[in-house]
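Spelled out, the chains give:
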Amino acid sequence: MSAFTDGFLWGGATSDFQYEGGFNEGGKGLSTHDFETDGSLERPRMISLKLADGSRGEVPTRESFPDGAEAEIYDDVYYPSHKAVDFYHHYKEDIALMGEMGFGVFRFSICWSRIFPTGDELTPNEEGLKFYDDVITELEKYNIQPLITICHDELPDYLAKKYDGWSSRHVIDCYVRYATTLLERYKGRCRLWLTFNEINAVNGYAQIGTHKQDEQTVYQAKHHMFLASAITVKIAHQIDPDNMMGTMYALSQMYPATCAPEDVMACYIKRRNNLWFSDVMARGYYPNYTDEFFRERNVKLVKEPEDDKILREGPLDMVTFSYYRSMTVSKDTKLTWAMGLLGGDQNPYLESTNWGWPIDPIGLRYTLNELYDRYQKPLFVVENGLGEIDIMKEDGTVEDDYRIRYLAQHFEEMKKAVNIDKVPLLGYTMWGSTDLVSLSTGEMKKRYGFVYVDLDDKGNGTGIRSRKKSFEWMKKVCHTNGEDLSF
Ligand code: BG6
């Protein structure tokens, strides 16, 4: 089978609070993730709190704060975002390794509170902008295009404390000022942008800055994020017509547990309840079926008269998504978030990772077809990969054949989507191409990378970077444009 189209972009993806560190350097303000503790599969991540009576408390990361509580940092608590993997000081070395593999693209997020420390300022922090200038300069040395996530699941903590995060329309203005600053500053050097990360999956203080997580609050916040994105898309095209704008969606596939029509219909509706976010943003309007979605949840969106026009004027140029696994659902399945999993029933045909995520490469081809049929816009797989425990041997090697197998199987299915189904796929960025902190558990031992980083779950270690076996394999994939997937 012939290879991917010329110009197909192979690369890796990261987010600032899982990778960058330097949480109090370079004039950066506190970000909402700086208050999130580590966790594990058994122990949820928490936001540490100062309670209304001044005493100490904490709350699981996706739950509502007790009345009067505020996020607080304590000296004796470990917060993974503070150091993360220290890209802040290692970016030259990390990007050189990406260059060696032959990456054509690197997806990273800019930390909002590094550019606007409180989010409310009118002028940006030059030192923060300069850091990302330097990152882009380094990427240019290796012909790697930046793919910038403007906001990856976080915001300046000041905006959360003062305005209750995205529940306030004021934050739309702050976001647009921040996004416009980036679009102007990096004009001509970056043309691939994501306005938000996994907008259909994020909630919790760290991610949207709201103190309460009831459905009314969360969906109102999402409405404000849709508006902020649409306004930004319009501005981005005015600044540079070559800008390609996307937003990232968590779109791991869903299957009915049986062919009973009740299960098939239930699966269809659950999938649709996941897809309406991309419907709004790619098409520019709320689909009819969201009336029922909101009615069932007793959610009444507060909209200004101009909101529908704003959405219509800022549809996305490309549909970008994460795909890690598939889920199986019946009419009785309750989909709730737990430890990074959106529930689902066992699929007897699939094996799962050590973190319980079913491995399903064919689901990726299915998803690519579904999304292209639905939107008729170019697609980009901006997250995919295998989080596993990697063992470094005494001689310094990491034999991660399981990761190579996972990726090869997914690439084969992408190839079929491109060559047989004729889906226009722009590129692929593997999640956590350099090992980084897990979002759901805050662990280091759930590793995704081609590059091993010597740090443990508490951030102890040398931070030394080493090539895994998958590094050499990915080099071959990049250099043959996906033609040679053998190992
Ligand atoms: C996506 C997020 O949900 O999945 C990333 O955009 C995250 O931030 C990734 O890291 C993998 O999840 P986890 O929990 O294994 O880190």
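In the block above lies the structure referred to throughout.
We now turn to the structure provided with this report.

### Remarks on the pairing of strand 13 (residues 379-383)
Of all five residues making up strand 13, five are buried, and the element is well covered by its neighbours. Here four bridges tie strand 11 (residues 319-322) to strand 13, and the two strands are oriented parallel to one another. Pairing of Ser-322 across the sheet is with Glu-383, part of strand 13. Across two bridges, the pairing between strand 13 and strand 14 (residues 425-431) is parallel. Looking at the pairing, Val-381 lines up with Tyr-428 of strand 14. Read as a crossover between parallel neighbours, the route from strand 13 over helix 13 (residues 401-419) to strand 14 is right-handed.

### Notes on the packing of aromatic side chains
All told, the structure shown has 41 aromatic pairs when counted by the stated rule. An angle of 80 degrees between the planes, with centres 5.9 Å apart, marks the rings of Phe-226 and Trp-276 as edge-to-face. You can see Phe-226 sitting in helix 8 (residues 215-239) and its partner Trp-276 sitting in helix 9 (residues 261-283), a full 50 residues away along the chain. Summarising the burial analysis for this pair, Phe-226 and Trp-276 share the class buried. Seen in terms of ring centroids, Phe-226 and Tyr-286 are 5.9 Å apart; in terms of plane orientation they differ by 70 degrees. Their pairing is edge-to-face. In this pair, Phe-226 is assigned in helix 8 and Tyr-286 in the loop between helix 9 and helix 10 (290-296), connecting sequence segments 60 residues apart. Ring-pair connections join several aromatic residues into one group, and the members of that group are Tyr-19, Phe-87, Tyr-88, Tyr-91, Phe-106, Phe-108, Phe-131 and Tyr-132. The side chain of Arg-114 reaches across the aromatic face of Phe-131, ending 5.7 Å from its centre. Residue placement shows Arg-297 over the ring face of Phe-293; its charged tip is 3.7 Å from the ring centre.

### Some points on the nonpolar core
Grouped together as the largest cluster of nonpolar side chains are 120 residues, with contacts concentrated most on Trp-112, Trp-166, Tyr-175 and Met-414. Considering each element in turn, this core owes the most residues, twelve residues, to helix 8.

### With respect to the pattern of salt bridges
Evaluation of the coordinates by the stated rule reveals 42 salt bridges. Among the salt bridges present, the one from Arg-189 reaches Asp-133, with a minimum N-O distance of 3.2 Å. With Arg-189 in the loop between helix 6 (170-185) and strand 7 (192-194) and Asp-133 in helix 4 (residues 126-141), this residue pair connects regions lying 56 residues apart in the sequence. Across the salt bridge formed by Asp-390 and Lys-468, the nearest N and O atoms sit 2.5 Å from each other. Of this pair, Asp-390 sits in the loop between strand 13 and helix 13 while Lys-468 sits in the loop between strand 16 (465-467) and helix 14 (469-479), and the two are 78 residues apart along the sequence. A residue is classified by how much of its surface remains accessible, and Lys-468, at 2% relative accessible area, is buried. A single salt-bridge network, built from bridges that share partners, covers Asp-390, Asp-400, Arg-403, Asp-435, Arg-447 and Lys-468.

The rules we used
Residues numbered from 1 in each chain as written. Predicted model: local features only at pLDDT ≥ 70, side-chain atom pairs only at ≥ 80, totals over all residues. Heavy atoms only, no water. Buried < 20%, exposed > 50% of the residue type's maximum accessible area, 1.4 Å probe, protein only. Helix = DSSP H or I, 4+ residues; strand = E, 2+ residues; numbered from the N terminus. Pairing = 2+ DSSP bridges. Right-handed = clockwise from strand over helix to strand, strands pointing away. Phe/Tyr/Trp six-rings, centres within 6.5 Å; stacked < 30°, edge-to-face > 60°. Lys NZ or Arg CZ within 6 Å of the ring centre and 35° of its normal. Core = buried A, V, L, I, M, F, W, Y, C linked by side-chain atoms within 4.5 Å. Salt bridge = Lys/Arg side-chain N within 4 Å of Asp/Glu carboxyl O.

Remember, this is a structural readout, not a statement about activity or role.
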